[in-house]
Structures are given as C-alpha cells and as structure tokens.
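# Summary of the model geometry
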Number of protein chains: 6
Amino acid sequence: MRANNRKHDATRTISIITGVNKYAEGSCLISFGDTKVLCTATIENKVPPFLRNSGSGWITAEYSMLPRATQTRTDRDHTKIHPNGRTVEISRLIGRSLRSVVNLKAMGERQIFIDCDVLQADGGTRTAAITGGYVAMAIAFKKFREMHSPKVEPLLGSISAVSCGIVDGQPRLDLDFEEDFAAHTDANFVMSGDGRIVEIQATAEKNPFTKAELDSMLDLAIKGAAEIQKHQQEAIGE
Amino acid sequence: MRANNRKHDATRTISIITGVNKYAEGSCLISFGDTKVLCTATIENKVPPFLRNSGSGWITAEYSMLPRATQTRTDRDHTKIHPNGRTVEISRLIGRSLRSVVNLKAMGERQIFIDCDVLQADGGTRTAAITGGYVAMAIAFKKFREMHSPKVEPLLGSISAVSCGIVDGQPRLDLDFEEDFAAHTDANFVMSGDGRIVEIQATAEKNPFTKAELDSMLDLAIKGAAEIQKHQQEAIGE
Amino acid sequence: MRANNRKHDATRTISIITGVNKYAEGSCLISFGDTKVLCTATIENKVPPFLRNSGSGWITAEYSMLPRATQTRTDRDHTKIHPNGRTVEISRLIGRSLRSVVNLKAMGERQIFIDCDVLQADGGTRTAAITGGYVAMAIAFKKFREMHSPKVEPLLGSISAVSCGIVDGQPRLDLDFEEDFAAHTDANFVMSGDGRIVEIQATAEKNPFTKAELDSMLDLAIKGAAEIQKHQQEAIGE
Amino acid sequence: MRANNRKHDATRTISIITGVNKYAEGSCLISFGDTKVLCTATIENKVPPFLRNSGSGWITAEYSMLPRATQTRTDRDHTKIHPNGRTVEISRLIGRSLRSVVNLKAMGERQIFIDCDVLQADGGTRTAAITGGYVAMAIAFKKFREMHSPKVEPLLGSISAVSCGIVDGQPRLDLDFEEDFAAHTDANFVMSGDGRIVEIQATAEKNPFTKAELDSMLDLAIKGAAEIQKHQQEAIGE
Amino acid sequence: MRANNRKHDATRTISIITGVNKYAEGSCLISFGDTKVLCTATIENKVPPFLRNSGSGWITAEYSMLPRATQTRTDRDHTKIHPNGRTVEISRLIGRSLRSVVNLKAMGERQIFIDCDVLQADGGTRTAAITGGYVAMAIAFKKFREMHSPKVEPLLGSISAVSCGIVDGQPRLDLDFEEDFAAHTDANFVMSGDGRIVEIQATAEKNPFTKAELDSMLDLAIKGAAEIQKHQQEAIGE
Amino acid sequence: MRANNRKHDATRTISIITGVNKYAEGSCLISFGDTKVLCTATIENKVPPFLRNSGSGWITAEYSMLPRATQTRTDRDHTKIHPNGRTVEISRLIGRSLRSVVNLKAMGERQIFIDCDVLQADGGTRTAAITGGYVAMAIAFKKFREMHSPKVEPLLGSISAVSCGIVDGQPRLDLDFEEDFAAHTDANFVMSGDGRIVEIQATAEKNPFTKAELDSMLDLAIKGAAEIQKHQQEAIGE
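Presented here is a report on the structure given in the accompanying data block. (Residues numbered from 1 in each chain as written. Chains lettered and ligands numbered in written order. Predicted model: local features only at pLDDT ≥ 70, side-chain atom pairs only at ≥ 80, totals over all residues. Heavy atoms only, no water.)

## What about the overall build of chain A?
In terms of regular secondary structure, chain A is built from four helices and nine strands. Walking chain A from its N terminus toward its C terminus, one meets helices and strands in the order β-β-β-β-α-β-α-β-β-α-β-β-α. For 238 residues, the compact-globule estimate of 2.2 N^0.38 gives 18 Å, and chain A sits close to it at 18 Å. If one aligns the C-alpha atoms of chain A with their principal axes, the spans along those axes are about 50 × 45 × 30 Å. Put simply, chain A has 238 residues, and 61% of those count as buried. Element-wise, carbon and sulfur atoms account for 51% of the exposed surface of chain A, whose accessible area totals about 9400 Å². If you average the places of the 29 positive and of the 30 negative side-chain charges in chain A, the two averages end up 5 Å apart. (Helix = DSSP H or I, 4+ residues; strand = E, 2+ residues; numbered from the N terminus. Rg over C-alpha atoms; globule rule 2.2 N^0.38 Å. Buried < 20%, exposed > 50% of the residue type's maximum accessible area, 1.4 Å probe, protein only. Areas by Shrake-Rupley, 256 points an atom, 1.4 Å probe, with all protein chains shown as cover. Lys, Arg positive; Asp, Glu negative; His and termini not counted. Charge placed at Lys NZ, Arg CZ, Asp CG, Glu CD.)

See below:
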C-alpha cells in the first residue's frame with residue numbers, strides 16, 4: 001500500500017502557484033506532495049561567451065536545495081571546494097530539457113536563467129523542478145512577447161516531468177522519498193506535450209531491470225505527464 | 001511621504017508564520033512588508049572543532065539570498081571563488097546576536113544552525129533575519145526541552161532587530177529598499193527584550209551624522225523593537 | 001553511409017590491452033575505434049567517511065580527459081574554479097554502474113578507485129570507460145582474491161556499455177564523434193552480462209523521440225553489448 | 001588599573017612614520033602601542049567593472065594580518081577555501097570609511113588601493129588601520145595633485161578611528177588585547193575631522209548595554225579621535 | 001650494482017614514439033626505462049594577456065601525473081584546493097627550458113601548449129618530460145612552417161634533459177625511483193644541443209655536496225644529454 | 001658600473017635586526033640593500049599528518065610578498081584561484097634548505113613555521129628570506145633549548161644564500177632588481193657554513209651558459225656566503 005492510499009498510477013497532489021516573486025519575469029511555487037520547489041525565470045540581455053555575436057539565445061538552469069530542505073541538514077555548497085555532483089547533474093538536466101522546446105534563434109541574444117530552489121524535499125525534486133521551471137519560463141516568454149516582440153514565439157512546445165519506479169515488483173508513478181529509497185529501479189521521464197520523450201534516465205538501484213519493466217514505467221510516465229500538463233496549462237493561463 | 005502613507009515611526013506590516021518546514025526543529029517565514037525570509041533552526045549533536053570536549057554548545061547562522069530575491073538577478077555564491085563579503089558580514093552578525101541570549105554551557109555539546117534564506121528582498125533583510133532567526137531558535141529550544149531536558153532553559157532572553165535611517169533629514173523606522181537607497185545615514189539595531197542594546201551598526205552613507213541624529217534613531221528603534229517582540233511572542237506561543 | 005563502410009548495427013574495432021600499468025592492481029588500454037581510454041583499478045584499505053565501521057566497501061570512479069584528447073585543446077580542470085559538469089556526471093555514471101555488479105559487503109572495508117583517463121576522444125568515451133573500467137576492476141578482484149580471500153567473490157556479474165543514436169532517421173550502434181554530433185537522439189546503455197539493463201540515458205538532441213525509436217536503439221544496444229562482452233572476457237582471461 | 005598606569009581616557013602611545021615604502025604613492029607604519037600596521041596607498045589608472053565609463057573613481061581597502069602578528073600563529077588565507085570572515089568585514093569597513101571623505105568624481109577613473117598589513121596585533125588593529133590608511137591616502141592624493149591636477153582636491157575631509165569598551169563597569173579608550181578580551185561591550189568609532197560620526201560598530205560581548213553606556217563611550221571616542229588627528233596632521237605635514 | 005647491470009654512466013633504455021595523438025600538432029610517447037610520459041604540442045592563435053599586441057608568441061607547459069602513475073595512488077589535483085607545489089614547479093621548469101630555444105618574436109602572436117602527462121613514473125619524469133616536450137614542440141613547429149611560413153624558423157636550437165645523483169658516494173646518470181630515493185644529492189640538468197647548460201637544479205638531499213661532486217655530475221650529464229639528443233633527432237626525422 | 005660603485009664581488013649593505021616581533025619564538029628584519037624581509041619562526045606542538053606518531057619534527061616555510069612590495073601592486077593570493085607558482089616554488093626552496101641543517105628527529109613531534117614576508121623587493125628576495133629564515137630559526141631553537149631540553153641541539157649547521165649572475169659578460173654577486181632583469185644567467189646558491197653546497201638553481205635567461213661561467217658564479221657565491229654568515233652569527237649572538 002502507498003501512503004494516503006494512493007494508487008500505483010496516481011501522482012501525489014500537485015499544486016502550482018504563480019506570481020510568487022515580485023521581481024522575476026516568471027515565477028511559481030510548485031508542490032508534488034510535500035516536495036516544494038520555488039522556480040523563477042530571469043531574462044537577461046546578454047548570453048554566455050560561446051554565443052556572443054551568434055544572434056542566438058540560451059536557457060540556463062540552476063537547481064539547489066536549501067540546507068534544511070532535507071531530513072538532516074546539508075551544508076551549503078559555498079562551504080565546500082566543489083559543488084555537489086548531484087546538483088550539477090540535475091541543473092544540466094533541467095537546462096537541456098527546457099532548451100528542447102525553445103527556438104533559441106527566435107530569442108535573440110538573450111539568456112533566461114531558471115532558478116529552481118528546493119524549499120522542502122520529499123522525492124521527485126528534479127521532476128518538480130523541470131515541471132515548475134517550464135511554467136516560470138512560459139510566463140516569462142509571455143511577458144517578453146507582450147513587451148518586445150508580440151509576433152515572435154520562441155516556445156516550440158511544452159514539457160513536463162515525472163518519476164517512476166519499481167517498488168516491491170510493482171511499477172509506481174511519482175515516488176515519494178520513502179518509495180524512492182525502497183525502489184529497485186528508478187527512472188525519470190521528461191515528456192513533451194505531444195507524448196513523445198525528451199529524456200529518460202533509468203537506473204537499476206539494486207538489480208538490472210528488463211525491457212518489460214522499462215515499458216511498464218514508460219506507460220505510467222505517459223499517463224502522469226498528461227495529467228501534470230493540465231496543471232501547467234491552468235497555471236500559465238491557457 | 002512614505003509608501004502606503006506610513007508614519008515615520010511605524011514599521012511595515014509584519015507577519016511570522018511558523019511550522020513552514022516539516023523537518024526543521026524550528027522554522028518560520030517572516031515578512032517585513034515585501035521582504036520575506038525563510039528561517040530554519042537545526043539542532044546537531046556535534047560542535048565546531050574549537051569547542052570539542054568543552055561541554056559547551058554553539059549557535060551558527062548562515063544568511064543567503066536566492067538569486068532572484070533582488071530586482072536584478074545575483075549569481076549564486078558557488079559560482080564565485082569567494083562568498084560575497086556582505087553575506088559573510090550578515091551571517092556573523094546574526095550568529096553573534098543570537099548567541100548573546102543563549103547560555104551556551106546549558107546547551108551541552110550541541111550546535112544550532114540558523115539558516116536565513118531571503119526569498120524576496122525589499123530592505124531590512126538582516127533585521128528580518130535576526131528577528132525570524134530568534135523565533136526559529138526559540139521553537140527549537142522548546143522542542144529540545146520537551147524531548148531531552150525539561151528543566152534546562154538555555155534561552156536567557158529575547159532579541160529582535162530593526163533598521164532606522166535619516167531620509168531627507170527625517171529619522172525613519174524600518175526602511176524599505178527605496179528609503180534605504182535614499183538615506184543619508186543607515187543604522188541597524190539589535191535590541192534585547194528588556195530594551196537594552198545588543199548591537200548597533202550605524203553608517204554615514206553620504207555625510208557624517210551627529211550624536212543628536214544617532215539618538216533620534218535609537219529612540220525609534222526602541223519603540224519598533226518593542227512592537228516586533230509582540231509578533232515574536234505570539235508566533236512562539238507564549 | 002558510415003565511415004569505413006560500417007553497418008548500422010556494427011561496433012567500431014574494439015581492442016582491450018591489459019597489464020599496461022605496472023603498479024595498478026588492474027589496468028587496461030581500451031579502444032573503440034579512435035577513442036582510447038586508459039583504465040586503472042586501485043585497491044585501498046580505507047573507505048569514504050560515510051562507510052567507516054560499516055563493514056562495507058565502495059567503488060569510486062574518476063573520468064577525465066587529457067587536454068589534447070579532443071580536436072581543440074581543453075583547459076585542465078585544476079585551472080578552473082569548478083570541475084566540468086560533464087566530467088562529474090560521467091564519473092558518477094561509471095561508479096554507479098560498476099557498483100551495480102559488486103557485493104560491497106563482501107569487499108570488506110576497502111575502496112576501489114577506477115581511473116578512466118581519455119587519451120584520445122572520438123565519440124563514446126563514457127561507454128568505453130565503463131567497459132574498460134569493468135575489465136580493470138575484474139582483474140583487480142582476481143588479484144585480490146588470490147592474495148587475501150580465495151573463497152570470497154565480490155563480483156556478482158559483468159557489465160558493458162555502448163552508445164546508440166538516431167542519425168538521419170536511422171538507428172545506429174556505437175557512434176563516432178561526427179555521428180554523435182549529427183544525431184537527433186543520443187542514448188547510452190549500460191547492460192548486464194545476462195542482457196538486462198543497468199542504466200539508460202537517452203536524450204533528444206533535436207526533437208523528442210518516440211517509444212518505437214527507443215526500442216530500436218535498445219535492440220541495437222543488446223546486440224552490441226553481447227559482442228563487447230566477448231572482448232572483455234578474452235581480456236580478463238575467462 | 002590599566003597597563004602602564006594609563007588613564008581610562010588616554011590612548012596608548014601613537015606613532016606614525018611615513019615614507020616607509022619606496023614604491024607606494026603614500027605609505028606609513030602606524031603604531032597604537034604594540035599594535036603595528038603597515039599602510040600603503042597605490043594609485044591605479046583603472047576602476048572596478050561597475051564604474052567603467054562612469055567618470056568616477058574608487059577606493060578599495062584590503063586588511064590582512066601576517067601569520068605571526070598574533071600570540072599564536074594563524075594560517076594564511078590562501079591555504080583556506082575562503083578568506084576569514086573577520087578579514088572581509090574589516091576590509092569593507094576601512095574602504096567604506098575612507099570613501100566617506102573622498103569626492104570620487106574628482107578622482108577621475110582611478111582607483112586607490114589601501115593595503116593595511118598588520119605586522120603585530122595588540123588590540124585595535126582596525127582602528128589603527130583606518131587611521132593609518134587615511135594618512136597613506138592623503139599623502140597619495142598630495143602626490144597625485146602635484147603630478148596631475150594641482151587644482152583638484154578629491155579629499156573632502158579627514159577621518160580617524162578609535163576603539164572604546166566597558167571594562168569592569170568602566171568606560172575606557174583605546175583597548176589593548178587584554179582589555180578587549182575582558183570588555184563587556186566593545187565599540188569602534190570612526191570620526192570625521194569636525195567631530196561627527198562616520199561609523200559606529202558597538203557590540204555587547206557579554207550583556208546588552210544601555211544608552212548611558214553608549215554615550216559614555218562616544219564621549220571618550222570624540223576626545224580620543226581629536227588627539228589622534230593631531231598625529232595624522234603632523235605625519236602628513238599640514 | 002645498478003638494476004639491469006647498468007653502468008654508472010649509462011642511461012636507461014630510451015624510446016620516443018611520435019604521432020601518438022591524431023589531433024595534436026605534435027606528439028610523442030617517451031620512455032626512460034619504466035617512466036612513460038605522453039607529450040602533446042598544441043598551437044593556439046592567441047597569447048596570454050601580458051603579450052597581447054606585442055607581436056610575440058609564448059610557450060606554456062603543463063606537467064601532470066595520472067593518479068596511478070605512482071606506486072600508491074595520488075588524488076587528482078581538482079579534488080584539492082591548490083595544485084601540488086611540485087607540479088607547479090615542474091611545469092614552470094619545462095616551459096622556461098623550452099622557451100630558451102625559441103625565438104618568440106618569430107612565432108607571431110601564437111601560443112604553444114606543451115602537455116606532459118606522466119602515464120607511469122619510475123624516476124626522472126621531469127627530464128623525460130622536457131626531452132619529450134622538445135620533440136613534440138619541434139614536430140609542431142615543422143607542421144607550422146609547412147602550413148604558414150616556410151621561411152621562418154622560430155626554433156633556435158635543441159634541448160634535452162637528464163638527472164644525475166650521488167648514490168653510495170658514486171655519481172650516477174639517469175636515476176630510477178629507487179636510486180633517486182637513496183641518493184645523497186640529486187641534480188637535474190637541462191642541456192643545449194651544443195653542450196652548454198640551460199638549467200641546473202642541484203639539491204643536497206642528505207648532506208651538502210662539494211664542487212667536485214657537482215663537476216662529476218655535470219660531466220655525466222653532458223655525456224647523457226648527447227646520447228639522448230640522438231634519440232630526439234631520430235624521432236623528429238632530421 | 002654597478003649602482004653605488006659596488007664591486008662585482010661585493011654584496012649590498014646587509015642588516016639583520018632581531019626581536020622585531022614580540023610573540024614569535026624567533027624573528028628578524030633582514031635587508032639586502034632595499035630588499036626587506038620580515039622573518040618569524042613559530043614552534044608548534046604538532047606535525048603534518050604524514051609525520052604523526054613518527055617521533056620526528058618538521059620545518060615548513062611560507063614566502064609571500066606584500067601587495068606593494070613591488071614597483072607595481074600585485075593582487076593578494078587570496079583573490080586568485082591558485083597561489084602564484086613563483087610563491088610556491090620559493091616557499092618549497094626555503095623549507096628544503098632549512099631542513100638540510102636540522103636533525104628533525106631531535107626536534108620531537110614539533111613543527112617550526114618560518115614565515116618570510118617581503119615588505120619591499122629589490123632583487124634577491126629568496127636569498128634574503130633563506131638567510132633571515134635561518135636566523136629566526138636559530139633563535140627559536142635557542143629559546144626551545146632553554147625552555148625544554150638544554151642538552152638537545154637539533155641544529156646541525158648553518159646556511160646562508162646569495163644570488164649571482166652574468167651581466168654584460170661579467171659575473172656579479174648579489175644582484176639588485178635592475179641587474180637581475182639585465183642578467184643573461186641568473187643563479188641562486190644556498191651554502192652551508194663549511195662552504196659546501198646545499199642547493200643550486202642556475203637558469204639561462206637569454207643564452208645557455210658554460211661550465212666556466214658556472215664556476216665563476218660559484219666562486220663569488222662562496223665568497224659572499226662567508227660574509228653573510230658573519231652577519232648571521234652576530235645577529236644570533238654567537
């Protein structure tokens with residue numbers, strides 16, 4: 001049995017509150033159950049060195065956890081020599097996923113920073129961050145079009161993300177921290193709005209998994225992503 | 001005229017919501033107007049190296065701003081070689097202020113981390129952080145007494161903090177960002193519950209100031225701190 | 001057409017030369033075509049802090065490229081503030097994959113470092129590093145059993161890795177650098193010796209991909225991994 | 001009784017020797033008793049990035065202690081990840097204080113670096129550094145006017161600094177290390193040449209302090225600063 | 001007796017294999033006995049900041065050891081705050097030595113990076129690196145002349161390097177690790193092709209040494225360098 | 001002609017003032033002409049990790065320049081990612097040289113830190129630092145014997161250091177900054193009290209040098225070191 005009598009193919013309660021930061025071009029506070037991530041989108045009029053004079057824009061994401069987002073406190077990165085490997089990996093995943101639905105050329109030489117700060121972590125922080133990061137980015141693009149270029153739409157589509165796992169032999173959708181810990185296989189899916197796949201990261205935590213298990217998780221992910229998208233559309237106001 | 005017709009000796013709207021983090025031993029979200037700081041208190045059963053085998057405890061504070069807490073985005077510290085000098089200075093001030101009302105010996109060899117993360121900044125972030133940090137710490141000590149040592153009370157008193165400034169020749173209480181920018185003199189006061197002074201940091205931003213101006217600001221601070229304390233007591237539940 | 005008239009389901013020429021380092025407990029120089037990775041396994045009699053007094057061992061991998069492994073020279077990591085995100089990500093992948101076939105408890109409190117240094121890079125460096133890292137580790141375990149505990153076998157199975165991609169609409173096995181650059185979708189598969197999946201990292205480089213495309217790549221990976229395993233067995237001498 | 005029968009309102013022996021560095025545009029070795037600080041002023045023809053093309057100049061101060069300036073040796077900053085918080089705080093205080101008496105616009109796009117290296121520390125190093133830093137800066141401005149622009153005077157006034165404290169219930173001027181350690185309250189005052197206040201940092205080391213105690217320290221500081229100014233004027237040659 | 005019945009004035013077996021990297025402008029794998037160093041030369045069309053608009057070029061060398069080049073594994077530099085002092089020292093020595101035979105003005109504003117990565121270390125790694133670094137650089141210059149400026153020859157001469165030591169009172173040429181460890185005095189000689197001295201670093205490891213001992217080592221070095229030069233010429237193809 | 005009509009085999013005016021730091025176990029301010037170095041020796045009752053439980057002591061040296069020791073200001077090391085290579089190299093040289101005359105076993109598990117801070121640099125800073133570092137160390141050992149173990153003498157001998165160079169074809173002793181800049185060959189000699197050699201670092205700055213030139217510099221160094229030793233003995237009080 002899952003916590004709160006949740007079915008194997010049900011997500012946790014999802015909520016997306018927008019406009020939570022008065023300065024950011026786009027922002028939301030997204031919750032997947034007790035996982036809470038504050039996402040802001042910042043538009044800057046300059047690009048990283050490798051894009052200067054290219055006419056193209058860029059999307060950069062930074063993922064971070066507050067020290068007490070977790071059960072035991074984690075030291076801040078700045079007190080260490082190197083940032084946590086996990087932090088780097090997830091920041092890169094979020095950025096790559098968001099760029100997959102943006103026409104970077106249409107942005108002009110601008111950069112959007114997507115900051116995803118985990119206020120409380122209970123499993124699925126990276127999928128909540130991608131989902132909320134997309135919402136913050138879409139709102140920022142709306143604002144950008146209203147102010148600068150109403151006819152240009154850099155957004156090519158939408159994305160959402162959800163985790164799945166095999167727990168006690170059963171495929172499950174949107175794992176919380178306890179399930180994630182117990183899972184034999186753990187997979188994160190980033191899905192496009194039309195049901196195709198943007199990224200899969202599937203890892204055998206205890207034993208290797210089979211193609212059939214992969215398929216069962218992918219089926220759950222497709223179902224879950226479709227539901228999560230509805231929350232996103234409502235939040236963005238489409 | 002001040003924003004929202006505020007009087008020169010009035011604070012902004014103050015709110016303190018406790019229990020905002022399900023893991024921390026104490027937590028609150030404190031607002032001084034549009035300034036919002038998330039404060040958590042974490043009790044750890046080990047102390048910094050210089051206190052090992054001393055029988056004494058310690059309080060450490062860490063202050064940080066989310067990248068888009070401010071009007072324009074600030075890079076995260078971990079992308080720089082050294083943490084921002086301002087961040088270091090404020091973290092040290094918070095820790096020093098909180099330690100002034102704690103009997104460190106009575107804590108035993110334990111350390112409390114006070115994390116103050118600014119979600120949105122509109123002036124007075126350090127005074128909000130000290131005020132909220134005290135609330136989170138007091139709740140953690142309550143929990144600590146309930147669980148471990150009901151007869152020991154490491155808390156010796158209370159503190160709150162508020163800023164003052166001379167704007168257009170007029171002393172004002174609890175400056176917002178615009179007033180802070182315009183102030184000729186800027187002062188932060190940390191006050192004890194019995195109306196004495198724990199710390200003063202007063203800086204001439206444009207011209208040196210006089211003893212009379214210092215006195216006028218101190219008077220406002222005493223009044224403001226007394227009001228802020230009522231919010232703290234209500235939040236802690238005393 | 002692929003370079004050297006290679007078929008879409010053929011790997012490049014694979015070679016594994018063992019014993020290339022006279023100090024390491026296990027070592028090999030692995031080539032996937034022009035990609036060359038020097039892998040060494042070092043057994044140390046201490047474990048990371050989080051495993052002290054646990055009775056359990058650990059496998060850590062470090063992946064690195066020599067500055068001129070690539071077409072244009074890359075600065076060494078030590079000249080930068082932070083290690084390259086890609087380097088961190090791949091090191092973590094190699095370590096996680098190798099740990100999936102090791103009984104860490106059976107190792108005792110020992111750590112094996114797998115160093116994978118890319119001497120020349122032409123696509124597929126991470127899959128070559130996992131494949132060669134496994135060979136170096138297996139040789140080190142052999143040596144370890146001969147010297148310390150002939151009856152204990154910490155190795156639970158074998159792994160190999162290979163990349164696949166969709167290039168010009170066609171699924172292809174073991175991409176070289178040019179194909180990797182041209183691929184619409186890029187996937188790395190870590191496979192167990194019995195044909196199950198240890199890790200999938202599949203990324204849409206240009207457009208999202210479909211379940212059918214994922215399946216076609218997985219089929220190629222299963223075929224490729226089986227071939228690569230034969231090279232591994234021969235190198236280890238089984 | 002104070003060391004050397006010093007009265008409660010007397011400074012220690014103060015000496016300022018100028019011209020101690022043959023390369024610097026201004027320099028002095030300042031002693032407050034056994035506290036010795038070497039101060040140099042360097043004029044550079046470029047400003048920090050945030051002032052480029054602003055027409056305005058800048059003053060930056062860097063405070064540092066030699067490893068054996070103190071009773072026990074302190075590791076050099078470069079052997080640590082982050083510079084000492086105290087060092088950062090004091091450097092910022094010196095720079096802010098010196099800028100308060102400079103017309104930055106009149107400097108043109110030039111930067112003055114004030115380096116304050118503590119050769120020996122016996123309390124009051126920051127106040128000695130501000131006092132000596134002012135002397136080195138004033139000498140550099142003299143040289144600058146002689147060479148470049150005899151009619152422009154960027155210096156708007158003078159500053160000096162001195163510490164006070166409450167020791168055994170008695171207010172005292174210019175604490176040495178032992179008194180500083182014993183003080184219940186510790187305050188540093190930066191005063192302008194006309195007797196106004198540039199900065200106050202007052203900290204309760206043991207118990208909160210009262211307004212009356214603050215006033216008694218401020219009175220001492222005004223008296224002490226006036227004396228110290230005479231030493232400065234003599235050293236600068238006015 | 002030396003290992004392999006080597007005479008006191010004989011080098012170990014020396015081998016230089018060129019063309020070992022398909023991207024580098026020049027490359028070789030050099031062995032002095034069991035010491036193996038991979039050297040690559042990279043020509044870049046920009047110079048360090050201090051040479052911009054000077055019309056002059058630069059040679060930079062970077063020396064590094066793979067973690068398991070040595071008997072026990074050494075942590076990678078990027079896991080430490082600061083690079084190893086020894087690494088910095090040797091990199092500077094290699095660069096300085098190579099620059100001594102190059103007409104930097106004739107290079108134009110170009111920089112050559114010489115990367116010397118020690119794959120296996122058994123004494124004499126810095127002398128092998130200088131010797132192999134020269135070969136890689138000479139090949140890169142050949143390529144450079146063929147492509148850009150057949151009439152310009154930036155190479156002014158040749159260099160090679162060899163170590164000597166006093167072991168058991170006897171001067172010996174080209175020490176291996178065990179001899180290096182046992183030596184009372186240890187010296188590295190960088191010699192020009194015409195038998196003059198480019199650099200001497202002679203260190204008393206146990207007792208000070210005499211002028212006579214220095215002379216006996218210098219005689220060996222002159223003999224050894226002449227032999228090593230023949231291997232270099234053969235490798236470069238002159 | 002040399003500055004001040006100095007002869008080719010004469011040192012500059014040398015002065016060594018001891019007791020310049022009231023906390024250090026040994027200290028001196030040494031001048032070689034306008035080069036001034038403050039040297040302190042600190043005895044600590046713990047050793048670096050690699051010597052724990054070995055019964056043996058250690059000598060560590062740290063060399064550093066104040067920012068304005070030089071004609072143009074140099075940034076402090078802590079503002080850079082990595083310490084200056086030159087700084088590392090010289091610190092290692094000083095430490096190695098001083099250890100050559102110490103019986104580390106006789107020290108017990110203690111470490112002496114020799115801090116050499118260059119207050120003003122005019123050529124020969126490393127040789128002044130070694131010479132003054134020896135004086136500070138010798139005084140510290142005296143104090144150590146008086147307090148702890150009058151019968152143990154860890155000091156095995158004395159060292160001093162001096163630079164030589166070939167300027168305009170002429171060998172010269174103790175180069176100042178201008179001569180150092182003009183020299184074709186530059187050599188630093190660390191000599192033992194009995195006239196033997198502890199370390200030679202000889203570098204061809206423009207052209208390779210000959211054995212005859214090396215000999216002429218060594219002769220000067222022997223003469224110069226003997227003179228410098230007299231200054232050391234006088235300072236130490238022997």
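## Describing the pairing of strand S7 (residues 170-173) of chain F
Residue and element names in this part refer to chain F. Alignment of strand S6 (residues 159-167) against S7, held across four bridges, turns out to be antiparallel. Bridging across to S7, isoleucine 166 finds its partner in proline 171. Between the antiparallel neighbours S6 and S7 lie two residues, among them aspartate 168 with a positive phi of about 50°. (Pairing = 2+ DSSP bridges.)

## Considering the interface of chain A and chain B
Tallying the contact residues gives 34 residues for chain A and 34 residues for chain B. Taken together, the two surfaces of chain A and chain B that pack against each other cover about 2800 Å², and 47% of this comes from carbon and sulfur. Contact with chain B buries area across many residues of chain A, yet Tyr23(A), Arg68(A) and Arg73(A) alone supply 29% of it, more than any other trio. Across the contact surface, chain A and chain B share 16 salt bridges. Going through the elements one at a time, strand S3 (35-44), strand S4 (58-65) and strand S5 (111-120) of chain A are the ones with two or more residues in the side of chain A that touches chain B. (Contact = heavy atoms within 4.5 Å. Buried area = accessible area lost by both parts, 1.4 Å probe. Salt bridge = Lys/Arg side-chain N within 4 Å of Asp/Glu carboxyl O.)

## What to know about helix H1 (residues 85-99) of chain E
All names here are of chain E. In this model H1 runs 21 Å from its N-terminal to its C-terminal C-alpha over 15 residues, within 8% of the 21 Å that 1.5 Å per residue would give. In terms of residue burial, H1 counts as a mostly covered element, since 11 of its 15 residues are buried. All of the buried residues along H1 are Gly85, Thr87, Val88, Glu89, Ile90, Ser91, Leu93, Ile94, Gly95, Ser97 and Leu98. (Expected span 1.5 Å × (residues − 1).)

## Quick look at the pattern of salt bridges
Tallied over the entire structure, the rule returns 128 salt bridges over all chains. The partner of Arg73(C) in a salt bridge is Asp75(C), and the shortest N-O contact between them spans 3.3 Å. A residue is classified by how much of its surface remains accessible, and Arg73(C), at 10% relative accessible area, is buried. When salt bridges that share partners are traced, they join Glu62(A), Asp115(A), Asp117(A), Arg73(B), Asp75(B) and Arg76(B) into one network.

## Details of the sheet that holds strand S2 (residues 26-32) of chain A
The strands making up a sheet are joined through hydrogen bonds of the backbone, oriented either antiparallel or parallel. All names here are of chain A. As summarised here, the arrangement of the five strands in space is S1-S2-S3-S5-S4, forming an open sheet in which the pairing is mixed. Each end of this open sheet is capped by a strand with a single partner; those strands are strand S1 (14-18) and S4. Mean inter-strand twist for the sheet, computed between neighbouring axes without regard to direction, equals 15°. Along the sheet, helix H1 (residues 85-99) contacts S4 and S5; its crossing angle with S4, the most-contacted strand, is approximately 145°. Of the strands in this sheet, S1 and S2 are in contact with helix H4 (residues 211-236), which crosses S1 at around 20°. (Axes fitted to C-alpha atoms, helices over the stretch in contact; angles between N-to-C directions.)

## Comments concerning the side chain of Arg6(B)
Within the secondary structure layout, Arg6(B) lies in the segment before strand S1 (14-18). Every residue in contact with Arg6(B), bar those within four places of it in the chain, is listed here: Thr11(B), Arg12(B), Leu173(B), Asp174(B), Asp176(B) and Glu179(B).

## Topic: the environment of Ala225(A)
Residues and elements named next belong to chain A. Tracing the chain through its elements places alanine 225 in helix H4. By relative accessible area, which is 4% here, alanine 225 ends up buried. Sequence separation between alanine 225 and arginine 12 is 213 residues, and the spatial gap between their C-alpha atoms is 12 Å. Not counting residues up to four positions away in its chain, the partners in contact with alanine 225 are Ser160, Val162 and Met191.

## Some remarks on the environment of Val20(E)
Residue position: Val20(E) is located in the loop between strand S1 (14-18) and strand S2 (26-32). Placed 20 residues apart in sequence, Val20(E) and Thr40(E) show a C-alpha to C-alpha distance of 8.8 Å. Not counting residues within four places of it along the chain, the set of residues in contact with Val20(E) comprises Gln120(C), Ser27(E), Cys28(E), Leu29(E) and Leu38(E).

## Some thoughts on the environment of Asn84(C)
By the secondary structure assignment, Asn84(C) is in the loop between strand S4 (58-65) and helix H1 (85-99). For Asn84(C) and Pro208(C), which are 124 residues apart along the polypeptide, the C-alpha to C-alpha distance reads 26 Å.

## Looking at the relation of the copies chain A and chain B
Rotating chain A by 180° about the axis while translating it 0.0 Å along that axis superimposes it on chain B, leaving an RMSD of 0.0 Å. Classification of the inter-copy transformation places it as that of a two-fold axis. Mapped onto chain B, 100% of the interface residues of chain A are again interface residues, and the two copies thus contact each other with one and the same surface. (Least-squares fit on C-alpha atoms with pLDDT ≥ 70 in both.)

## With respect to the packing of aromatic side chains
Under the counting rule described, the total for this entry stands at eight aromatic pairs over all chains. Centre to centre, the rings of Phe50(F) and Trp58(F) are 5.1 Å apart; their planes meet at 90°, and the pair counts as edge-to-face. Here the basic side chain of Arg73(B) rests over the ring of Phe113(A), its NZ or CZ set 3.9 Å away from the ring centre. (Phe/Tyr/Trp six-rings, centres within 6.5 Å; stacked < 30°, edge-to-face > 60°. Lys NZ or Arg CZ within 6 Å of the ring centre and 35° of its normal.)

## Focus: the sheet that holds strand S9 (residues 197-204) of chain E
The eight strands lie next to each other as S7(E)-S6(E)-S8(E)-S9(E)-S9(F)-S8(F)-S6(F)-S7(F), forming an open sheet whose pairing is antiparallel. The open sheet terminates on both sides in strands that have one partner only, identified here as strand S7 (170-173) of chain E together with S7 of chain F. In this sheet, neighbouring strand axes are inclined to one another by 15° on average, regardless of whether the strands run parallel or antiparallel. Strands in contact with H1(E) are strand S6 (159-167), strand S8 (185-192) and S9 of chain E together with strand S9 (197-204) of chain F; relative to S9(E), the strand with the most contacts, it is inclined by about 150°. Each of S9 of chain E together with S6, S7, strand S8 (185-192) and S9 of chain F touches helix H4 (residues 211-236) of chain F; the most contacted strand, S6(F), lies at about 140° to it.

## Structural notes on the packing of helix H3 (residues 125-147) of chain D against helix H5 (residues 211-236) of chain D
Residue and element names in this part refer to chain D. With their axes 10 Å apart at the nearest point, H3 and H5 run at an angle of 30° to one another. Put simply, H3 runs roughly parallel to H5. Crossing angle aside, the handedness with which H3 passes H5 is right-handed. Where H3 abuts H5, its residues Thr131, Tyr134, Val135, Ala138 and Lys142 lie against Ile228, Gln232, Ala235 and Ile236. By residue class, the composition of the contact of H3 with H5 is six nonpolar, two polar and one charged. (Parallel < 35°, antiparallel > 145°, perpendicular 65-115°, else oblique. Left-handed = near helix turned anticlockwise from the far one by under 90°. Nonpolar A, V, L, I, M, F, W, Y, C, P; charged D, E, K, R; others polar.)

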